[in-house]
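Each chain is listed here by its residues.
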Amino acid sequence: MTILPVIPISPDQPDSAVQSGGVQTRRRPSMPPRHLADLDLAARQTAVQDLGEPAFRAKQLSTHYFGRLVRDAAEMTDLPSATRDKLTSELLPTLLTPVREQACDDGATRKTLWRLHDGALVESVLMGYSDRITACVSSQAGCGMACPFCATGQQGLTRNLSVAEIVDQVVYLAGVSASGVVTGSPNRLSRVVFMGMGEPLANYPRVIEAVRRLTTPAPEGLGLSQRHITVSTVGLVPAMRRLIAEQLSVTLALSLHAPDDDLRDELVPVNQRWKVAEVLDAAFDYAAQTGRRVSIEYALIRDVNDQPWRADLLGRLLHGKLAHVNLIPLNPTPGSKWDASPKPVEREFVRRLRESGVSTTVRDTRGREIDGACGQLAAGELTQAGAGGVAADAEVAQ
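Predicted model only: the values in this text are computed from it and were never measured.

## A short note on the packing of helix H6 (residues 237–246) against helix H8 (residues 276–290)
1) Next: Axis separation between H6 and H8 bottoms out at 9 Å; the angle between their running directions is 5 degrees. Here H6 is positioned roughly parallel relative to H8, judged by the angle of their axes. On H8, the residues that touch Val237, Met240, Arg241, Leu243 and Ile244 of H6 are Glu278, Val279, Asp281, Ala282, Ala283, Asp285, Tyr286 and Gln289.
2) Next: Classifying every residue of the contact of H6 with H8 by side-chain character gives eight nonpolar, one polar and four charged.

Take a look at the structure:
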């Protein structure tokens with residue numbers, strides 16, 4: 001494991017806690033100030049004109065941020081100093097301050113823990129492969145879905161992220177990719193998965209707007225392919241049906257984790273509202289509308305959901321459907337009762353699914369030595385703070 005250097009926290013950036021009479025108290029969650037990435041190009045032009053500048057300055061700022069991946073105003077030297085200071089203070093405020101950065105897999109997996117302006121903590125991960133680089137980003141600080149085997153789910157929800165807080169994670173990671181430090185991989189970020197902290201469809205309007213910003217050509221956006229974006233959900237059916245109406249070409253990843261309602265009620269508590277059949281119906285309708293294969297995420301948990309009969313049931317539910325199963329060897333969190341299934345059990349589960357005619361892969365297990373599961377770095381930081389001190393796993397098969 002490599003601990004990467006971290007930019008010192010500026011004095012004007014709020015900490016996650018403040019001292020009051022020797023007692024640490026957390027700052028109240030709040031949304032960040034307006035940022036360039038919150039706005040489309042027309043709104044940016046209006047914003048710069050409101051600041052007394054010509055509209056073309058909006059395109060200049062956008063070209064730096066989305067086209068050249070420049071997040072530091074000091075590097076925008078084609079802007080006059082006074083103009084630069086005014087525009088960047090109003091449209092490029094600092095949204096993410098790195099707390100800790102770690103790397104493993106010879107630098108191919110790099111995880112960053114960020115502190116937001118109100119002290120909330122989120123994580124993002126960069127994963128390099130021989131033919132692509134993928135960013136896994138957070139859409140919420142914490143998560144309200146309360147899945148018991150998930151580190152983020154056990155933290156509870158702090159707040160939704162803004163459009164710009166989501167996009168800024170990607171722009172930063174795209175800049176890391178472009179620097180060439182991820183050896184053995186292309187120098188261009190090509191894929192984004194919304195599989196970091198939070199339930200993306202619980203922050204629906206901002207996530208959809210972030211997707212549009214990431215896929216609109218530069219300089220208005222980052223210019224990624226919609227087909228290279230994956231949005232995950234635990235099964236918020238009304239939001240899944242809204243997503244169908246968006247007419248996007250993103251991949252939908254459904255975190256199923258159990259094929260039967262009795263167990264899924266426990267593992268994914270939202271199943272108590274929308275049952276397996278209803279959730280799968282929405283997923284299949286999305287596949288039919290878009291022609292995009294749905295990814296069924298299934299974390300294999302020892303002696304919990306890895307029985308052969310559950311593999312057979314899952315196979316029957318998915319047979320003949322435009323779906324792919326992405327089995328995830330569980331990355332257990334410290335002190336958790338949940339553990340990964342043994343390899344022979346995993347292989348038998350895969351065999352039975354494939355025998356049912358269901359396309360199945362096992363997710364690449366990266367990042368274990370750097371607290372790779374979503375929320376582990378943030379949980380560790382909060383634990384240290386609580387004691388008196390101050391993850392995305394790997395990508396979906398595509």
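## Re the pattern of salt bridges
1) Next: With the rule as written, the count across this model stands at 18 salt bridges.
2) Next: In this structure, lysine 343 engages glutamate 346 in a salt bridge whose closest nitrogen and oxygen atoms are separated by 3.2 Å. Here the residue lysine 343 and the residue glutamate 346 both occupy positions in helix H10 (residues 343–355), the gap between them amounting to three residues, near one helical turn.
3) Next: Accessibility expressed as a relative area gives 44% for lysine 343, which makes it partly exposed.
4) Next: The class for glutamate 346 is buried, based on a relative accessible area of 8%.

## Thoughts on the packing of aromatic side chains
Aromatic ring pairs are reported here in terms of the distance separating the ring centres and the angle at which the planes meet.
1) Next: This structure, assessed with the given rule, holds four aromatic pairs.
2) Next: Centroid distance tyrosine 65 to phenylalanine 66: 4.9 Å. Interplanar angle 90 degrees. Geometry classified as edge-to-face.
3) Next: Take phenylalanine 66: its relative accessible area is 2%, and that puts it in the buried class.
4) Next: Here the aromatic rings of tryptophan 114 and tyrosine 172 are separated by 4.8 Å at their centres, their planes lie at 90 degrees, and the arrangement is edge-to-face. In this pair, tryptophan 114 sits in strand S5 (residues 109–115) while tyrosine 172 sits in helix H4 (residues 163–178), placing the two residues 58 residues apart along the sequence. Each member of the pair, tryptophan 114 together with tyrosine 172, is buried.
5) Next: One cation-aromatic arrangement involves arginine 132 over tyrosine 129; the distance from NZ or CZ to the ring centre is 4.2 Å.

## What to know about the side chain of aspartate 118
1) Next: When you line up the elements, aspartate 118 lands in the loop between S5 and strand S6 (121–128).
2) Next: A polar atom in the side chain of aspartate 118 sits 2.8 Å from the backbone nitrogen of serine 30.

## So, the side chain of threonine 251
1) Next: Relative to the assigned elements, threonine 251 resides in strand S12 (residues 251–255).
2) Next: Residue contacts for threonine 251: discarding those within four places in its chain leaves Arg227, Ile229, Thr230, Val231, Arg292 and Arg293.

## Considering the nonpolar core
1) Next: Val167, Val192, Phe194, Leu267, Ile296 and Leu318 are the most contacted members of the largest nonpolar core, which has 104 residues in total.
2) Next: Sorting elements by how many residues they give to this core places H4 first, with ten residues.
3) Next: When neighbours within four sequence positions are excluded, valine 167 is seen to be in contact with Ala37, Tyr65, Phe66, Ala210, Arg213 and Leu214.
4) Next: In terms of nonpolar packing, the next biggest core, distinct from the first, is built from six residues, Val125, Met127, Cys136 and Val193 among them.

Cut-offs applied
- Residues numbered from 1 in each chain as written.
- Predicted model: local features only at pLDDT ≥ 70, side-chain atom pairs only at ≥ 80, totals over all residues.
- Heavy atoms only, no water.
- Axes fitted to C-alpha atoms, helices over the stretch in contact; angles between N-to-C directions.
- Helix = DSSP H or I, 4+ residues; strand = E, 2+ residues; numbered from the N terminus.
- Parallel < 35°, antiparallel > 145°, perpendicular 65-115°, else oblique.
- Contact = heavy atoms within 4.5 Å.
- Nonpolar A, V, L, I, M, F, W, Y, C, P; charged D, E, K, R; others polar.
- Salt bridge = Lys/Arg side-chain N within 4 Å of Asp/Glu carboxyl O.
- Buried < 20%, exposed > 50% of the residue type's maximum accessible area, 1.4 Å probe, protein only.
- Phe/Tyr/Trp six-rings, centres within 6.5 Å; stacked < 30°, edge-to-face > 60°.
- Lys NZ or Arg CZ within 6 Å of the ring centre and 35° of its normal.
- Polar contact = N/O pair within 3.5 Å; in protein donor to acceptor, adjacent residues only side chain to side chain.
- Core = buried A, V, L, I, M, F, W, Y, C linked by side-chain atoms within 4.5 Å.

Treat this as a map of the structure, not an account of what it does.
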